[in-house]
Amino acid sequence: MDDAARSIAEAPLPTRRTLRARSSLPFQVLRFVAFNIRMLRMVKKGHH
Amino acid sequence: MARVVILGAGISGHTAALHLKRRLKRAHEVIVVSPNADWNWIPSNIWVGVGRMTTQQVTFPLRPIYRRKGIDFRQARAAAIRPEGDGDSDSGSVDIAYTDPVRLGEEERLTYDFLINATGPKLNFAATPGLGPDGNSLSVCTAKHAEQTAAAFDKVVEALQRGERQTLVVGVGHGACTCEGAAFEYTFNVENELRARGVRELADVVYLTNEYDLGDFGVGGMSFAQNGFVTSSKMWTESLFRERNVRAILQAHVERVDPGVIHYEQLDGTKGSLEFDFAMLLPPFRGADLKAYDRQGGDITADLFAPNGFLKVDADYAAKPFEDWKAEDWPRTYQCPLYRNVFGVGIAFAPPHPISRPRSSPDGTVISPAPPRTGMPSGVMGRVVAHSIADRIERGETAPLQTASMASMGAACIASAGAGMRTGSAAAMTMYPIVPDTARFPVSGRSLKETTGEIGLGAHWTKLLLHYLFIYKAKGRPGWFLIPE
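Reading the values: the criteria
- Residue positions are counted from 1 within each chain, in the order its sequence is given.
- Each chain is given a letter, starting from A, and each ligand a number, starting from 1, according to the order in which they appear as written.
- Only residues with pLDDT of at least 70 are given local features in this predicted model, and only at 80 or more are side-chain atom pairs given and counted; all residues enter the totals for whole chains, interfaces and linings.
- Computation of side-chain values: all heavy atoms of the structure, hydrogens and water removed.
- Labels follow the DSSP assignment, with helices taken as runs of H or I lasting at least four residues and strands as runs of E lasting at least two, numbered in each case from the N terminus.
- The length a helix should cover is 1.5 Å for every residue beyond the first.
- Note on contacts: a residue pair is in contact if any heavy atoms of the two residues lie within 4.5 Å.
- The buried area of a pairing is the accessible area, by a 1.4 Å probe, that goes missing from both parts when the two are put together, added over both.
- By definition, a salt bridge exists where a carboxyl oxygen of Asp or Glu is found within 4 Å of a side-chain nitrogen of Lys or Arg.
- Ten residues, namely Ala, Val, Leu, Ile, Met, Phe, Trp, Tyr, Cys and Pro, are considered nonpolar, four, namely Asp, Glu, Lys and Arg, are considered charged, and the remaining ones, Gly among them, are considered polar.
- Angles run from 0 to 180 degrees between N-to-C directions of axes, and those axes are lines fitted to C-alpha atoms, restricted for helices to the stretch in contact.
- Note that the term roughly parallel is reserved for angles under 35 degrees, roughly antiparallel for angles over 145, roughly perpendicular for angles of 65 to 115, and oblique for everything else.
- Handedness of each helix crossing follows the sense of rotation of the near helix against the far helix: counterclockwise by less than a right angle gives left-handed, clockwise gives right-handed.
- Contacts described as polar in this section are N or O atom pairs within 3.5 Å, which, within protein, must combine one atom able to donate a hydrogen with one able to accept it, while residues neighboring in sequence count only if both atoms come from side chains.
- Following DSSP output, two strands are said to pair if at least two bridges run between them.
- Burial here depends on accessible area, computed with a 1.4 Å probe over protein chains only, as a share of the maximum for the residue type. Under 20% is buried, over 50% is exposed, and the range in between is partly exposed.

Moving on, we come to helix α10 (residues 457-474) of chain B. Over its 18 residues, α10(B) extends 26 Å from the first C-alpha to the last, a length consistent with the 26 Å expected when each residue adds 1.5 Å. One or two steps after α10(B), the chain reaches B:G476, where phi turns positive at roughly 65 degrees.

Next comes the structure, spelled out in structure tokens:
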């Protein structure tokens, strides 16, 4: 096993709960809103 | 009446043209020179490459938009810049050769008062023997390439359906490539599509990259504050590779692509080869093949352009070790220091140095990513240069130039990891600033508050939203200028 394969094999694996959250419609609607607000904040902050 | 000539109609050139015309109205002339008749939202090409979108969904013809806006469009390739003019005129000029089928073969010399070089990259497939659609690998750099790649992908899926094992390699085709983010996206879209078509089990998906670590993305990786810890994009990316069972070959320079076999060298000097059934490898970029001449016709290309063909602007190009790189090295106005009415934006400007730490193999082969200049900063550069030029036309030469350094600009990168309104996924990253500034942010060079990463369906919706928003904006529809770059 090379270094890359070893590193990947030791990476944290998402739990079932995390995977569910990543595809949960209500939770992802909230994340969608949050991420877009964050993007707009960055536009305001950095794009002058 | 002033004349502004823009070379290139990609994200930065097209953005500059729309903003300039909005500011200058009919009082001044804006000419766009581009060899392509269509505009392409390149970030969505990865979806064309797996058959989830068509070419028509990611492109549209430029001519009707420019006609509506009063922008003069020349479908032509720029061949040479004459910033001092020629024997007949003191005005700077550009030599163009028409690619427009109606005027094919015609050449013309266009004078300008201001010039914006937004020619984007030359896809340098020739840097690696056998690389590219004319060789032995595939690409998603243009919509046409992506369409060919989708057809090849369908054949691989058919082979898998017949029960034949297949190896699919996605990555970069040279040690000095950029756009690792796009390769990453395409990898996980391929993986997602294989699962969606029920043929994942017999497929070996391999990501082949010049990055030192996964999650580098050509920006030296990122640090995130999550759950009370500072974690790295490396761990976060490796986690996705583990979850999706994708193999990775890191620190690789592709030396040659033979039919069905990739030959590569790694940073420690070892050589390897990898057999494949399907290989999408991005090419390295270099500047467009533009020459520059002085008033007497002497060749001044090396004065205006860096050796990689990108236009030198107001950056600090002095060679210095990685430890001495500073945020201030990066350009702020994108003005050419030799000719003050010439600007370079988007991929066409020469970065002062990479962002990731430079590395080379014992044989001296450079194996580290070149700095990415993604859509968001490219659009911002196009806008600020358009406003700088409009200010100078309206208020005179003393009007201050507007600024937008990549060291004070943030970026959002949405790396798709699979399409589908209910089943899609993407890695959504924000970083501030793009170029690390350790003087302001000692821990990682970037703000831990503004540099974030998360994976989920919502990020896929954001990527899809940006697809429709930016095509709307690029079409110059009502209120287009309210959509930020």
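Don't stop here, the text continues.
Further remarks concern the interface of chain B and chain A. In this assembly, 42 residues from chain B lie in contact with 29 residues from chain A. Roughly 3200 Å² is buried in total at the junction of chain B and chain A, and carbon and sulfur atoms are behind 64% of that figure. In this assembly, chain B and chain A are joined by four salt bridges. Linking A:R38 and B:E454 is a salt bridge whose minimum nitrogen-to-oxygen distance equals 3.1 Å. Elements that contribute at least two residues to the side of chain B that touches chain A include exactly α7 (233-244), α9 (375-395), β22 (411-416), β23 (426-431), β24 (452-456) and α10 of chain B. For the side of chain B that touches chain A, the residue count by class is 25 nonpolar, nine polar and eight charged.

To continue, consider the packing of helix α6 (residues 180-196) of chain B against α7(B). Residues and elements named next belong to chain B. It is the contact of α6 with α7, at a shortest axis distance of 12 Å, that shows an interaxial angle of 20 degrees. The angle between the axes of α6 and α7 places the two elements in the roughly parallel class. Classified by chirality, the crossing of α7 by α6 is left-handed. On α7, the residues that touch F184, F188, E191, N192 and R195 of α6 are T237, L240, F241 and R244.

This brings us to the side chain of A:S7. Along the chain, A:S7 turns up in helix α1 (residues 3-9). A polar contact is formed between the side chain of A:S7 and the side chain of B:E238, at a distance of 2.7 Å. Dropping the residues within four chain positions of it, A:S7 is found in contact with B:K234 and B:E238.

Residues and elements named next belong to chain B. Where strand β12 (residues 223-226) lies against strand β13 (residues 229-232), four bridges are found, and the strand directions are antiparallel. Across the sheet, F224 pairs through a bridge with T231, a residue of β13. Remark: two residues form the turn of the hairpin made by β12 and β13, two consecutive strands paired antiparallel; N227 in that turn has positive phi of roughly 50 degrees.

Quick look at the sheet that holds β23(B) now. All names here are of chain B. Strands sit in the order β22-β23-β24 across an open sheet of three strands; the sheet is antiparallel. Only two strands of the sheet have a single partner each, and these edge strands are β22 and β24. Looking at each pair of strands side by side, their axes are set apart by 15 degrees on average, direction ignored. Sheet analysis places β23 next to β24, joined by five bridges and oriented antiparallel.

Residue and element names in this part refer to chain B. All told, the structure shown has 37 salt bridges over all chains when counted by the stated rule. Close ionic contact of D329 with K320 constitutes a salt bridge, the shortest N to O distance being 2.9 Å. Residue classification places D329 among the buried residues on the basis of a relative accessible area of 2%. Its salt-bridge partner being K473, residue E485 comes within 3.0 Å of it at the nearest N-O pair. Here K473 lies in helix α10 and E485 lies in the segment after α10, a separation of 12 residues in the sequence. Take E485: its relative accessible area is 9%, and that puts it in the buried class. Assessed through its relative accessible area of 6%, K473 is described here as buried. Members of the salt-bridge network, linked through shared partners, are D72, R74, R103, E106 and E108.

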